[in-house]
Amino acid sequence: MSYRTADSLRSVTLDDVRGARKMLSGVARVTALEGSRYLSRLVGAPVHLKCENLQRTGSFKLRGAYVRIAGLLPEERAAGVVAASAGNHAQGVALASSLLGVHATVFMPQGAPLPKVSATRDYGAEVRLHGQVVDETLAAAEEYAARTGAVFIHPFDHPDVIAGQGTVGLEILEQCPEVRTIVVGMGGGGLAAGIAVAVKALRPDVRIVGVQAEGAACYPPSLAAGRPVSLRNPATMADGIRVGRPGVVPFGIVGELVDEVRTVSEDELSAALLLCLERAKLVVEPAGASPVAALLAAPETFEGPVVAVLSGGNVDPVLMQRVLRHGMAAQGRYLAVRLRLTDRPGALATLLGVLSAADANVLDVSHVRTDPRLGLTEAEVELHLETKGPAHCAELGRVLRDAGYPVIA
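Bear in mind that the values here come from a model prediction, so they are computed numbers and not experimental data.

Trainee: Please set out the nonpolar core residue by residue, giving values where relevant.
Mentor: Core analysis: the largest hydrophobic core is formed by 64 residues, its most contacted members being I69, V81, V93, I182 and I195. Per-element tally for this core: the top contributor is helix α9 (residues 190-202), with eight residues. In this structure, A272, F302, L324 and M328 belong to the second largest nonpolar core, which totals 39 residues.

Trainee: Tell me about the sheet that holds strand β12 (residues 361-368), residues and numbers included.
Mentor: One open sheet accounts for three strands, arranged β11-β13-β12; its pairing is antiparallel. Both outer strands of the open sheet, β11 (334-342) and β12, are each paired with one neighbouring strand and no more. Strand-to-strand twist in this sheet, taken as the mean axis angle between neighbours without regard to direction, amounts to 20°. The pairing of β11 with strand β13 (residues 378-386) spans nine bridges and is classified as antiparallel. Across the sheet, R340 pairs through a bridge with E380, a residue of β13. Along the sheet, helix α15 (residues 347-357) makes contact with β11, β12 and β13, crossing β13 at roughly 30°.

Trainee: Any chance you could break down helix α16 (residues 390-402) for me, citing the residues and the numbers?
Mentor: Look at α16: 19 Å from first C-alpha to last across 13 residues, which is about the 18 Å you get at 1.5 Å a residue. Residues of α16 that are buried in the fold lie against β11, α15 and β13. G404 sits one or two residues past α16 and shows a positive phi near 90°.

Trainee: Could you give an account of the state of the cysteines, with specific residues and numbers?
Mentor: The final tally for this structure, using the stated rule, is zero disulfides. The cysteine C51 is free of any disulfide, with C276 supplying the nearest cysteine sulfur at 8.8 Å. Judged by relative accessible area, which is 0%, C51 ranks as buried.

Trainee: Please set out the environment of Q91 residue by residue, giving values where relevant.
Mentor: Looking at the element boundaries, Q91 is found in helix α5 (residues 88-100). On the accessibility criterion, Q91 (3% relative accessible area) is buried. For the pair Q91 and K61, spaced 30 residues apart in the sequence, the C-alpha separation amounts to 8.0 Å. Contact partners of Q91, with chain neighbours within four places excluded, come to T57, K116, A119, T120, Y123 and N314.

Cut-off values and rules
Residues numbered from 1 in each chain as written. Predicted model: local features only at pLDDT ≥ 70, side-chain atom pairs only at ≥ 80, totals over all residues. Heavy atoms only, no water. Core = buried A, V, L, I, M, F, W, Y, C linked by side-chain atoms within 4.5 Å. Buried < 20%, exposed > 50% of the residue type's maximum accessible area, 1.4 Å probe, protein only. Helix = DSSP H or I, 4+ residues; strand = E, 2+ residues; numbered from the N terminus. Pairing = 2+ DSSP bridges. Axes fitted to C-alpha atoms, helices over the stretch in contact; angles between N-to-C directions. Contact = heavy atoms within 4.5 Å. Expected span 1.5 Å × (residues − 1). Disulfide = S-S within 2.5 Å.

Right, here's the structure in full:
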């Protein structure tokens, strides 16, 4: 690729991370470390949340982007920088460039959420929408860099970027000196690699656990093969960690310093996002909630005190609505059913009365009377219900069947 240079292949050291921290003084926030009583009870030891979702631009990405751009030579800065991203990296590059007086061009997919596109422009970058998927956007950014001489700022595959992300690890050690396990989401691996470099150099006894979404888990097969392996079609709601191939630089660090890589399901991600919102009062995107998902999936396997890194909070409101419903459904707190009833006056009111008596909260009703699948005197109703858990869902199914309503789904 056009960004690969001899410098980009050098290793990352604790001194690099410490230098990055000095560079970021007054630029990146030292984000809060918040305790979670709910997760602590599950794990049986203190659990803390490192709130990078409250970082400037809403994620840790500012750290690495700023360090990378600040380290450019004057002639490189004059040529400008270019990046490709669907959201968090775009905003990090945009703000970092603005603070350093460097022109930034950011390529984003045409389907990128409008709030993220708007935020990137507001931070000062020129946004160009290109391609339907990130790979097409990345190719366009690299072509632009080759044509114009702009410096390509990779989201994770460069030592300066990794060093910047590693400052999160230094903060964790200062805020929670007794930490035994750090859990961090992984896409390309830049954040996990940076944290591992900083933490293992100072506290080699601390366990580092990386977390990937099942549908975009490029690290397990890559680590097994001993080299970065590409996934054909990475798919997950967690766009912040939807990466099809590990970065070369972070892969080497992860393989050496990260103790374990786990995967989590979409249901587990949804439940984690919902927990962060309800219990911690924190807005976290699915990628940022992945460490919490791992804790929920197997709380007994983590030695405490535990620090879970909430890497970002830039979630599209439309996606948030879908994910919250998905999370509620995964916990048995949301139920969608379709059933048929006789199309006569008062039939729908009678049905709603049955549900009310069973203590179900009706969120939405769709009533269809005209459809080739329906008989002359039939109507079909789709109901979205708020429920109290799996047992309540099962009870509602029994109540509806006992009342004579054929449940279709």
